[in-house]
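Working through the structure, step by step
Here is what each chain is made of, one letter per residue.
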Amino acid sequence: MEKLAKIYVAGSGGLVGSALVRKLREDKYEDIVELASHEIDLRDYSAVEAFFTAARPDYVFLAAAKVGGIYANSTRPAEFIYDNLLIETNVIHAAHKWNVKKLLFLGSSCIYPKLAPQPIKEEYLLTGELEPTNEAYAIAKIAGIKMCQAYRKQYGCNFIAVMPTNLYGIYDNFDLTTSHVLPALINKFHDAVQNKLDSVTVWGSGKPRRELLYVDDLADACVFLMNSYNESPIVNIGTGRDISIAELAELIAGITGFRGTIVYDQTKPDGTPVKLLDVSKLADMGWAAKTSLQEGIKKTYEWFKSEKACARI
Ligand code: GDP
């Protein structure tokens, strides 16, 4: 990407999009287009067309999506499949129609089969049944990957697709019913410390294992791939290390200063038993994650506390 190129970050208000904007600014890209979700409804093709006609971006990061944790995904599958299919279809098609030089689509590690061998290689896509708790979201993300590949094959578009592992960081969603595990646990343990509660409830058995990537590392990888990777096959982005939910809960308890009991609510789903990406393809290209889990959680927790402080004023 040329430093003066016009770069559209779709979804710049979210966890991933805001990290991409921070990274692009840090790298001195000068013409970054951001639009909040209340300024453009990417599910509406006429709005997307009007935007591309006026803005004419050179590069697009497609980080806009309807996202959520295990509870939101399993209880509102219609919204997850409908919104994500529309956003992807509209933005990818418009990027083709307005001759965008390159587009990077963000998928998710949940596109892989529930019982895929670990660590998960890119070629395991579509080799088995999906995890039921987020199947609708995963099907939409698989459609996005296949669209990028189809538009490359038929029209020669330089559209690439990357698969991040579970993400967390500043500007995350900490709402207990819609968030992912890491922000939910920060919120729960902080609340317990503040209100001197004796116990914190963690969903499921505590046994599932997840790989967690700090969102600024993801943004770094995306900009790296936008500048260096021009092929059809998908690329995993992760740390190459995983942790059990019980270990994660202990770690967050330590960082927040909680000394009470951790209770496991086994009426809540565990989801996929293990989800660890094989990141050797990206490592061979020369990229590795920099932020340790401990450091990433500390940064996220500091941000969460300061945001809560602002909200109270
Ligand atoms: P997943 O990676 O798609 O399964 O999404 P999540 O991040 O929502 O959940 C990961 C794991 O953490 C699952 O096994 C959840 O049951 C478990 N978990 C434990 N406590 C919580 C919680 O408070 N919120 C969420 N979202 N997950 C939790």
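The next subject is the sheet that holds strand β4 (residues 102–106). Read from one edge of the open sheet, six strands run β2-β1-β3-β4-β5-β10, paired in parallel fashion. Each end of this open sheet is capped by a strand with a single partner; those strands are β2 (31–34) and β10 (235–237). Mean inter-strand twist for the sheet, computed between neighbouring axes without regard to direction, equals 20 degrees. Bridge count between strand β5 (residues 159–164) and β10: three bridges; the pairing is parallel. Counted as the bridge partner of P164 is I237 from β10.

What follows is about the site of the ligand. Taken together, 17 residues lie around the ligand, and I70, K188, R210, P269 and D270 are the ones closest in. A distance of 3.0 Å separates a nitrogen atom of the ligand from a polar backbone atom of S179. Here a nitrogen atom of the ligand sits 2.9 Å away from a polar atom, N or O, in the main chain of W203. Out of a free accessible area of 530 Å², the ligand has 97% covered by protein chains. Counting only elements with at least two residues in the shell around the ligand, the list comes to α6 (181–194) and β7 (199–203). With three residues, α6 is the single largest residue contributor to the shell around the ligand.

Tracing the chain through its elements places K275 in strand β13 (residues 274–275). Salt bridges are absent for the buried K275, whose nearest opposite-charge side chain, E131, sits at 8.2 Å. Not counting the four nearest positions on each side in its chain, K275 is found in contact with S109, C110, Q118, I120, N134, T165, N166, R209, R210 and E211.

Parameters and conventions
- Note that residues are indexed from 1 along each chain, following the sequence as it is written.
- pLDDT decides what is reported in this predicted model: residues at 70 or higher carry local features, side-chain atom pairs at 80 or more are listed and counted, and totals for whole chains, interfaces and linings draw on all residues regardless.
- Side-chain numbers come from the whole structure's heavy atoms, not from hydrogens or water.
- Paired strands, in this sense, are two strands between which DSSP finds at least two bridges.
- To qualify as a helix, a DSSP run of H or I must reach at least 4 residues; to qualify as a strand, a run of E must reach at least 2; elements of each kind are numbered from the N terminus.
- What counts as an axis is a line fitted to C-alpha atoms, over the stretch in contact for a helix, and the angles between N-to-C directions run from 0 to 180 degrees.
- Proximity is defined per residue: any heavy atom of the residue falling within 4 Å of a molecule or strand makes that residue near it.
- Definition of a polar contact: a pair of N or O atoms within 3.5 Å, with one able to donate and the other able to accept a hydrogen when the atoms are protein atoms, and with sequence-neighbouring residues admitted only if both atoms are side-chain atoms.
- Here the open area of atoms and residues is found with the Shrake-Rupley method and a 1.4 Å probe, where only the protein chains shown may cover a residue.
- Here the term buried applies to any residue with accessible area under 20% of the maximum for its type, exposed to any over 50%, and partly exposed to those in between, with areas from a 1.4 Å probe on protein chains only.
- For the charge count, each Lys or Arg is scored as positive and each Asp or Glu as negative, with His and the chain ends excluded.
- For this analysis, a salt bridge means a side-chain nitrogen from Lys or Arg found within 4 Å of a carboxyl oxygen belonging to Asp or Glu.
- Here, residues are in contact when the closest pair of their heavy atoms is within 4.5 Å.

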